[in-house]
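Here's the letter readout for the chains.
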Protein chains: 2
Amino acid sequence: MSRRRFLKQASAVAGGAAAAALASTKSAAQELAAEPWEKIYGAAFTAYGERSRFEQPVIRHIFTPYGGIAPGSGAALSPIEALEGTLTPSGLHNIRNHSGTPEIDPARHQLVVHGLVERPLKFSIDALSAYPMVSRIHFLECSGNSSRAVTPKPAQVPAGAMHGNIACSEWTGIPVRVLLEEAGVKPEAKWILAEGADSAHMSRSVPMEKILDDAMIALYQNGERLRPEQGYPVRLLLPGWEGNMNVKWLRRLKATATPTYTKDETSKYTDLLPDGRAMQFTFEMGVKSVITKPSSTMTLPRQGLYEISGLAWSGAGRIRRVEVSTDGGATWRDAALTGDERPKAFVRFRLPWEWKGGEAVLASRATDERGRVQPTRAEWTSQYAPANTYHYNAIVTWAVGTDGKVTHVFA
Amino acid sequence: MSRRRFLKQASAVAGGAAAAALASTKSAAQELAAEPWEKIYGAAFTAYGERSRFEQPVIRHIFTPYGGIAPGSGAALSPIEALEGTLTPSGLHNIRNHSGTPEIDPARHQLVVHGLVERPLKFSIDALSAYPMVSRIHFLECSGNSSRAVTPKPAQVPAGAMHGNIACSEWTGIPVRVLLEEAGVKPEAKWILAEGADSAHMSRSVPMEKILDDAMIALYQNGERLRPEQGYPVRLLLPGWEGNMNVKWLRRLKATATPTYTKDETSKYTDLLPDGRAMQFTFEMGVKSVITKPSSTMTLPRQGLYEISGLAWSGAGRIRRVEVSTDGGATWRDAALTGDERPKAFVRFRLPWEWKGGEAVLASRATDERGRVQPTRAEWTSQYAPANTYHYNAIVTWAVGTDGKVTHVFA
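Conventions we followed
- Residues numbered from 1 in each chain as written.
- Chains lettered and ligands numbered in written order.
- Predicted model: local features only at pLDDT ≥ 70, side-chain atom pairs only at ≥ 80, totals over all residues.
- Helix = DSSP H or I, 4+ residues; strand = E, 2+ residues; numbered from the N terminus.
- Rg over C-alpha atoms; globule rule 2.2 N^0.38 Å.
- Buried ≥ 20, exposed ≤ 12 C-beta atoms within 10 Å, placed from the backbone.
- Contact = placed C-beta atoms within 7 Å.
- Nonpolar A, V, L, I, M, F, W, Y, C, P; charged D, E, K, R; others polar.
- Pairing = 2+ DSSP bridges.

**Q** Any chance you could explain the overall build of chain A here in plain terms?
**A** Counting its secondary structure elements, chain A contains eight helices and 25 strands. Computed over the C-alpha atoms, the radius of gyration of chain A is 23 Å, within 12% of the 22 Å expected from 2.2 N^0.38 for a compact globule of 411 residues. Seen along its three principal axes, the alpha-carbon backbone of chain A occupies a region of about 80 × 65 × 45 Å. When the 411 residues of chain A are sorted by exposure, 56% land in the buried category.

In structure tokens, the structure reads:
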């Protein structure tokens, strides 16, 4: 659906319902009586700007399974239910940490490239800054995102507290292959071990094919240097691949002939199958979408016009299509898309919807450029053992009651 | 130049020079001796993330011409010399304020649509939030950006302190025409007066044609609600048009038959011509570019590989081409572009460059999709009276000395 047609349809609904606008019964002059802030000189310039104090309730959803003894282990999920557009503000980016956020001095940090290379190299942050860079918009999703949807009963939490272990930013950095070419990778090197400088030394093995394709040594996030919680001063970026492989606080890349089988890729981040075996190295994140507005725990304040809006993404490339249902999947309509020209990035989908006060079940279904379609919950569940909580990408359904309350349901 | 060819060329230079990389003379194990932050458990999750303390010197360049008596009047320029990519972090967005930043309660703020309309309307922020939205990435440039370049001698200041009255963000909001259609604009209405809720009641007249084309009532900036310094809770966005017309803290839109000739479009924001007349209503910002790395006041630490990197934009639409010269304009080479698919948005250009220690004069020249080419300083100056400081978009030149020092020159 073209944007023009979408807006025409939306404005037709708005003109018919006009629920959000109040016709003025007073004169414009009366309506425009000055508010207090119009009568006083405003605040001075700031060196680095912050949010309005009225927005400070919008915060990340924090999960620390080991409690106060490990307040930096777990995850902080992005409040996607309160956000709009196709980018995540850096302050609300999701975080998955294994031993807290280290405070790294960029003047001391080094990146070492070694292993099966002709010339082992080390790079200071200053040295890296002189290299040729690329800028790309990509999502980052924890492979455990949506694990709270793998429960016997649907949890009643905000959309971000369930599906917000994801974010999307513009990343700027050096193609990894530029550094590997300088080091001279030996032909027998087929994998790269990436290791972080946190006290957990989080580390993963990455196939050389991905490294030479689109892997990036990221130094900047949304125009400025990386935030500490996203790996300051330098992280690995593997577009479309599960979040933990995008190693933060990157201290070394080691070229190896085989995977290293680190603790982080054997003790976890494997997918348990129905027959009891575990599938290892499921790198690419699946095609997925979620309606963020309206969503679970919200209440529609009145009948009338709404916009159904949400996020879609795929680790395989571009989103080609997002369909939206308001009747629990019986019928589907194509939503308008923003950002669908960007591979492995958030796409915002939108569909105007008039709520006439009845029950409704809202759902979204994404299709990517490879033609892969987001599975139903039943289809996803049949692939794995009940204990598996990684790589959940099933269709999400929200029920709207006659009282306007939006709840999470398994359709 | 394709990205692949660009990277191949860059990596050939890197392989030859290797100036930024130090070959390890110790073993990898010695190089990898743990830093202090690798030995201690890191920081806990935060609800809303902030920058590293090591990045806190990166701040806006603040200009308050009336000093301490009006600390919120003037401008705060974005430190483009320290940024990368195609987006500006919200905390470092440029600001042009006429009477400080008001602190507005979104529960009280109203937007009134009145004048030559069938149905005067008012909208709360909650009501606006239900309307259909669009998300687009656009730059915002003050018409007075680069006014410090209009001096008899070239000022020696960082690039952002001269050319940083500009930023680029993703904006999400409602097409203005959706609200105007609901109000029912009368045929004789040809202009819209937009007025802010700051104590200056900053106001400008906007032709109806622009309003019906791509004007937006913006509620979100880079995924979250607008920052106060960019108009929280709601601003007008006129993609590609001079910044002050994108009225912040928007309180009313009034449909009128003619321009209102407000104080803000008569006492200022007009372009003084050589014959003494002033040109009014120069809305669209010109095609422009500036090299940010390396740039004025920086010093190249060593001979070898560098990437020349900078920003280009045009109020007329897409950037088609950016050429870079390292010999003061005698010869030009095409730079690689990122973001050139986005109209009226930042494009990042990049060109690998090997500095062999001699004198060089760096310059960039942008061309937009209408075929308009960024003028030389002499061409730009000949159009205006010497006192005019608006709409400066001439080619910017940085000289590199044999000592590596980068200075601003008029070439």
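**Q** What am I meant to see in the interface of chain B and chain A here?
**A** Reports of interface size often rely on the accessible area that becomes lost once the parts have come together. Of the residues lining the interface, 105 residues belong to chain B; the matching set on chain A comes to 105 residues. Among the elements that line the side of chain B that touches chain A, the one with the most residues is helix α1 (residues 3–17) of chain B, at five residues. The class makeup of the residues in the side of chain B that touches chain A is 51 nonpolar, 26 polar and 28 charged.

**Q** So what exactly am I meant to see when it comes to the sheet that holds strand β23 (residues 360–368) of chain A here?
**A** Strands belonging to one sheet form pairs held by backbone hydrogen bonds; the direction of such a pair is parallel or antiparallel. Residues and elements named next belong to chain A. Ordered by their spatial adjacency, five strands build an open sheet running β20-β19-β23-β24-β25, and the pairing between neighbours is antiparallel. Strand pairing shows two members of the sheet lacking a second neighbour, β20 (333–334) and β25 (406–409), which therefore form its edges. Both strand β19 (residues 319–325) and β23 contribute to a ladder of six bridges, which runs antiparallel. Opposite V324, over in β23, you have S364 as the bridge partner.

**Q** For this particular structure, what's the right way to read the environment of S205(A)?
**A** Residue and element names in this part refer to chain A. Note that S205 resides in strand β10 (residues 203–207). A sequence separation of twelve residues divides S205 from L193, and the C-alpha atoms of the two residues are 4.5 Å apart. Leave out the neighbours within four places in its chain, and S205 touches W191, L193, P259, T260, T262 and E265.

**Q** I keep staring at the pairing of strand β11 (residues 216–221) of chain A and nothing clicks. Help me out?
**A** Two faces belong to every sheet, and in a regular strand the side chains alternate between them. Residue and element names in this part refer to chain A. Across the six residues that make up β11, a large majority, six, are buried. With five bridges connecting them, strand β8 (residues 166–175) and β11 associate as antiparallel partners. Following the sheet pairing, P175 is matched in β11 by M216. When β11 meets strand β13 (residues 235–237), the two strands line up antiparallel, connected through three bridges.

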